[in-house]
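Examination of the molecular architecture
Each chain, letter by letter, is given below.
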Amino acid sequence: MDRDTAALDAYSATVTAVAAELAPHVAALQVTGPDGRGGAGSAVVVPGDRLLVTNAHVVGRARTGLAVFSDGSESAVDVVGADPLSDLAVVRARDGVPEPAVLGDAAALRVGQLVVAVGNPLGLAGSVTAGVVSGLGRSLPTRDGRTARVVEDVIQTDAALNPGNSGGALADSAGRVVGINTAVAGWGLGLAVPVNDTTRRILAALVADGRVRRAYLGLVSTPAPLPAELAARTGRRRGLRVVDVVPGSPAARAGLRAGDLVLEAGRSPVAEAQSLQRLLFAEAVGTPLPVTVHRNGAMVDVVAVPTELTG
């Protein structure tokens, strides 16, 4: 057996194993909204009391639906909560469900890594596609009424995703779910909401309260490398460059400006969008948040007081 054949056999064996492991945990989901309009997608069984995770855009305004599993079993489901600003939703099955999938950590992903998508595109249950992580740190614009937000650290993959894949699982080579497929971005390109610490907090809030309360700063930022001198002085390599500050927002009132390089928030280093977003949940509303930025060659400390994000 030559090297290329051996590599293809190993690739095939990995994809086959992941598909066999994951398919029983992914359901086809059908919902009907109060206006009678239906929606369809996929959902993943996760740890909890008969809980499944899907996309907020799949459930829409629906309150009930039907989950059908790969073994042919089915269960009526109730929508526990949906968060359009992360495009995540949780539903609870009324009957028994398969064992939950194993959740991984998208923070450990690397570009070029093998990933496998399992879902129900076009009503074809248990469909499997494979590819690689083709990009990390992507952004996905979302909206809830008048409130717009960007889902940060979205996973980009070339694993084929089609209508119905939304809400399905994106898994690594060990069969751990590292993303929830959320959108078809274009030919040969798909996106998935990462499974990480922030996602887990969102899902926990949906289960507990049916919604997610967020704190609001009013700044738009992007990861940026630190200048060499600053990196040597701080021992850090990256921060968040402020691209825009919403007029009248808590960030504006604190004196933050476009061009600032955010180094710390809440006395903790900030190196990517998730570092800041994980601070902006319900407990941060009305609580002073110290922020350290690098501006015009100097360190500047400000204190912002986040407000509650509302539509």
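Everything discussed here concerns the structure shown above.
Each residue is numbered by its place in its chain's sequence as written, counting from 1. Reporting of local features is limited, given that this is a predicted model, to residues whose pLDDT is at least 70; pairs of side-chain atoms are given and counted only at 80 or more, and all residues count toward the totals for whole chains, interfaces and linings. Processing note: side-chain calculations cover all non-hydrogen atoms of the structure and skip hydrogens and water entirely.

**What to know about the overall build of the protein chain**
Looking only at helices and strands, one finds six helices and 20 strands in the protein chain. Put simply, the radius of gyration uses C-alpha atoms, and a globule should come to 2.2 Å times the residue count raised to 0.38. In terms of overall size, the protein chain behaves like a compact globule, its C-alpha atoms giving a radius of gyration of 21 Å where 311 residues would be expected to give roughly 19 Å. For the protein chain, the spread of C-alpha atoms along the three principal axes comes to 60 × 60 × 30 Å. Put simply, the protein chain has 311 residues, and 47% of those count as buried. For the protein chain, contacts bridging at least 24 residues in sequence account for 58% of all contacts bridging at least 6. Computed with the Shrake-Rupley method and a 1.4 Å probe, the accessible areas treat only the protein chains shown as cover for residues. A total accessible area of about 14500 Å² is found for the protein chain, and carbon and sulfur atoms account for 53% of it. Once the 28 positive and 29 negative side-chain charges of the protein chain are each reduced to a mean point, those two points are 9 Å apart. Secondary structure follows DSSP: runs of H or I at least 4 residues long count as helices, runs of E at least 2 residues long count as strands, and numbering of each begins at the N terminus. The classification of residues rests on relative accessible area computed with a 1.4 Å probe and restricted to protein chains. Under 20% of the type maximum is buried, over 50% is exposed, and intermediate values are partly exposed. Should any heavy atoms of two residues lie within 4.5 Å, those residues are counted as being in contact. Counting rule applied: Lys, Arg positive; Asp, Glu negative; His and chain ends not counted. A charge is said to be at NZ when it belongs to Lys, at CZ for Arg, at CG for Asp and at CD for Glu.

**Thoughts on the pattern of salt bridges**
Pairing of side chains with opposite charge becomes possible as their charged atoms draw close. Any Lys or Arg side-chain nitrogen found within 4 Å of a carboxyl oxygen on Asp or Glu counts as a salt bridge. For the structure shown, the criterion picks out nine salt bridges. One salt bridge in this structure joins aspartate 78 and arginine 94, with 2.9 Å as the shortest N-O distance. Taken together, the residues aspartate 78 in strand 5 (residues 74-83) and arginine 94 in the loop between strand 6 (88-93) and strand 7 (114-119) connect sequence positions 16 residues apart. By relative accessible area, which is 47% here, arginine 94 ends up partly exposed. When salt bridges with common partners are traced through the structure, they connect Arg211, Arg213 and Glu308 into a single cluster.

**A short note on empty space enclosed by the protein**
In this analysis, the protein atoms alone were mapped onto a 1 Å grid. Cavities are point sets where a 1.4 Å probe fits without being able to get out; pockets are open sets with protein on both sides within 12 Å along at least five of seven lines; lining residues have an atom within 4 Å of a point. Grid points are joined across faces, edges and corners, and a volume is the space filled by probe spheres set on the points. By the definition in use, this model includes four cavities of 30 Å³ or more. For the second largest cavity, the full set of lining residues is Val46, Val53, Leu103, Val177, Ile180, Val195, Thr199, Arg200 and Leu203. Those elements that provide at least two residues to the lining of the second largest cavity are strand 11 (177-186) and helix 3 (197-209). Looking at the lining of the second largest cavity element by element, the count peaks at three residues for helix 3. We call Asp, Glu, Lys and Arg charged. Ala, Val, Leu, Ile, Met, Phe, Trp, Tyr, Cys and Pro are nonpolar, and the rest, Gly among them, are polar. When grouped by side-chain class, the residues that make up the lining of the second largest cavity number seven nonpolar, one polar and one charged.

**A short note on the environment of leucine 66**
Note on placement: leucine 66 falls in strand 4 (residues 64-68). Taking the C-alpha atoms as reference, leucine 66 lies 16 Å from alanine 82; in sequence the two are 16 residues apart. Not counting residues up to four positions away in its chain, the partners in contact with leucine 66 are Ala28, Leu29, Gln30, Glu74, Ser75, Ala76 and Val77.

**Considering the nonpolar core**
Residue types Ala, Val, Leu, Ile, Met, Phe, Trp, Tyr and Cys, when buried and joined through side-chain atoms within 4.5 Å, form a set referred to as a nonpolar core. In terms of nonpolar packing, the biggest core is built from 27 residues, with Leu22, Val44, Val53, Leu88, Val90 and Val177 touching the most fellow members. Elements with a minimum of two residues in this core: helix 1 (3-22), strand 2 (38-46), strand 3 (51-54), strand 6, strand 7, strand 10 (169-171), strand 11 and helix 3. Here valine 177 is in contact with Leu22, Val44, Ala101, Val102, Leu103, Gly104, Ala169, Leu170, Ala171 and Val195, once residues within four sequence places are set aside. Ranked by size, the runner-up nonpolar core spans 20 residues in total, among them Val262, Ala265, Val293 and Val302.

**A short note on the pairing of strand 18 (residues 289-295)**
Within strand 18, seven of the seven residues are buried, leaving the element largely enclosed by the surrounding structure. Where burial is concerned, the two faces of strand 18 agree: the one with Leu289, Val291, Val293 and Arg295 and the one with Pro290, Thr292 and His294 are both buried. Note on pairing: two strands pair once DSSP finds at least 2 bridges between them. Pairing geometry for strand 16 (residues 261-265) and strand 18, over four bridges, is antiparallel. Within the sheet, the bridge partner assigned to alanine 265 lies in strand 18 and is valine 291. Here seven bridges tie strand 18 to strand 19 (residues 298-304), and the two strands are oriented antiparallel to one another. In the strand pairing of strand 19, leucine 289 is matched with alanine 304. A loop of two residues connects strand 18 with strand 19, the two strands running antiparallel in sequence, and asparagine 296 in this loop sits at a positive phi of about 50°.

**A closer look at unusual backbone geometry**
The phi angle at arginine 50 is positive, at roughly 60°, despite the residue not being glycine. The residue arginine 50 is located in the loop between strand 2 and strand 3 in this model. A positive phi is found at aspartate 87, a non-glycine position, where the angle reads about 55°. Inspection of the secondary structure puts aspartate 87 in the loop between strand 5 and strand 6. On the basis of relative accessible area, aspartate 87 is assigned to the buried category, the value being 7%.

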